[in-house]
Amino acid sequence: MACNLVASNLNLKPGECLRVRGEIAPDAKSFALNLGKDDNNMCLHFNPRFNIHGDINTIVCNSKDGGAWGAEQRETAFPFQPGSVAEVCISFDQADLTIKLPDGYLFKFPNRLNLEAINYLTAEGDFKIKCVAFD
């Protein structure tokens with residue numbers, strides 16, 4: 001997947017929320033939001049898959065530590081529709097990242113890297129960023 005957006009020096013602190021809103025392509029196969037320290041140290045790889053890699057309407061989350069991927073976590077809630085606008089809110093603390101989906105569903109993913117700040121964000125795939133906000 002090609003990166004559509006790369007942002008650094010975010011300095012997102014525990015308790016703060018990162019809101020990302022964008023348009024999902026009408027023929028979307030997949031998109032990903034990556035948060036962490038850099039490309040080799042990501043506390044969250046958030047990857048909604050519409051129909052790719054054998055996954056249909058599944059959210060796959062993972063982390064990358066020193067370039068090595070961790071164990072995938074799969075979520076069955078899938079409130080994303082091709083050709084629509086979607087917003088995802090992500091906050092974190094020392095233990096977990098909390099991901100709020102467009103339908104209000106919340107789930108947690110462990111903060112495996114124990115990051116004290118998130119400085120890096122990339123968006124890739126079939127998702128065109130319209131707004132990034134910090135709350």
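Residues numbered from 1 in each chain as written. Predicted model: local features only at pLDDT ≥ 70, side-chain atom pairs only at ≥ 80, totals over all residues. Heavy atoms only, no water.

In the annotation of an unreviewed UniProt entry, the entry for the protein reads Galectin, and the organism field reads Myotis lucifugus.

Trainee: I'm lost on the environment of Asp96 in this one. Help?
Mentor: When you line up the elements, Asp96 lands in strand 9 (residues 96-100). Among residues more than four places away in sequence, those in contact with Asp96 are Ser91, Lys108, Phe109, Pro110 and Asn111. (Helix = DSSP H or I, 4+ residues; strand = E, 2+ residues; numbered from the N terminus. Contact = heavy atoms within 4.5 Å.)

Trainee: I tried to follow the UniProt feature "domain: Galectin" (unreviewed entry) in the protein on my own but got confused; where do I start?
Mentor: The UniProt record annotates "domain: Galectin" (unreviewed entry) at residues 4-135. With 0% helix and 66% strand, residues 4-135 has end C-alpha atoms that lie 23 Å from one another. (UniProt positions renumbered as here; feature names shortened; annotations may be inferred.)

Trainee: Could you clarify how one ought to interpret the sheet that holds strand 2 (residues 17-24) in this entry?
Mentor: The pairing of strands in a sheet comes from backbone hydrogen bonds and takes either a parallel or an antiparallel form. One open sheet accounts for five strands, arranged 10-9-8-2-12; its pairing is antiparallel. A strand with exactly one partner marks an edge of an open sheet, and here the two such strands are strand 10 (106-110) and strand 12 (127-134). Going across the sheet, the axis of each strand differs from the next one's by a mean of 25 degrees, ignoring polarity. As paired strands, strand 9 and strand 10 are joined by five bridges and run antiparallel to one another. Counterpart to Lys100 in the pairing with strand 10 is Leu106. (Pairing = 2+ DSSP bridges. Axes fitted to C-alpha atoms, helices over the stretch in contact; angles between N-to-C directions.)

Trainee: Looking at this structure, I do not really get the pattern of salt bridges. What am I missing?
Mentor: Oppositely charged side chains can form a pair if their charged atoms are brought close together. Counted according to the given criterion, the structure contains eight salt bridges. A salt bridge links Arg21 to Glu87; the shortest N-O distance between them is 3.0 Å. On the criterion of sequence distance, the pair formed by Arg21 in strand 2 and Glu87 in strand 8 (residues 85-92) is long-range, its members being 66 residues apart. Using a relative accessible area of 31% as the deciding quantity, one classes Arg21 as partly exposed. Look at Glu87 and you get partly exposed, because its relative accessible area is 24%. Measuring nitrogen to oxygen at the nearest pair gives 2.6 Å for the salt bridge that ties Asp55 to Arg49. Accessibility classification places Asp55 together with Arg49 in one group, the buried group. Through salt bridges with shared partners, one network takes in Arg19, Arg21, Glu87 and Asp135. (Salt bridge = Lys/Arg side-chain N within 4 Å of Asp/Glu carboxyl O. Buried < 20%, exposed > 50% of the residue type's maximum accessible area, 1.4 Å probe, protein only.)

Trainee: Where do I start with the environment of Cys131 in this structure?
Mentor: With respect to the helices and strands, the residue Cys131 is situated in strand 12. Counting along the chain gives 42 residues from Cys131 to Cys89, while the straight-line C-alpha distance between them is 12 Å. Apart from residues no more than four positions distant in its own chain, Cys131 is found in contact with Arg19, Val20 and Arg21.

Trainee: Sorry if this is basic, but what is going on with the confidence of the model for the protein here?
Mentor: Detailed conclusions should not be drawn from predicted coordinates in areas where pLDDT is low. Chain-level pLDDT for the protein is 94 on average; 98% of the residues reach the 70-or-more range. Highest mean pLDDT in the protein belongs to strand 6 (residues 68-69) (98); lowest belongs to strand 1 (residues 3-12) (86). (pLDDT = per-residue confidence, 0-100.)

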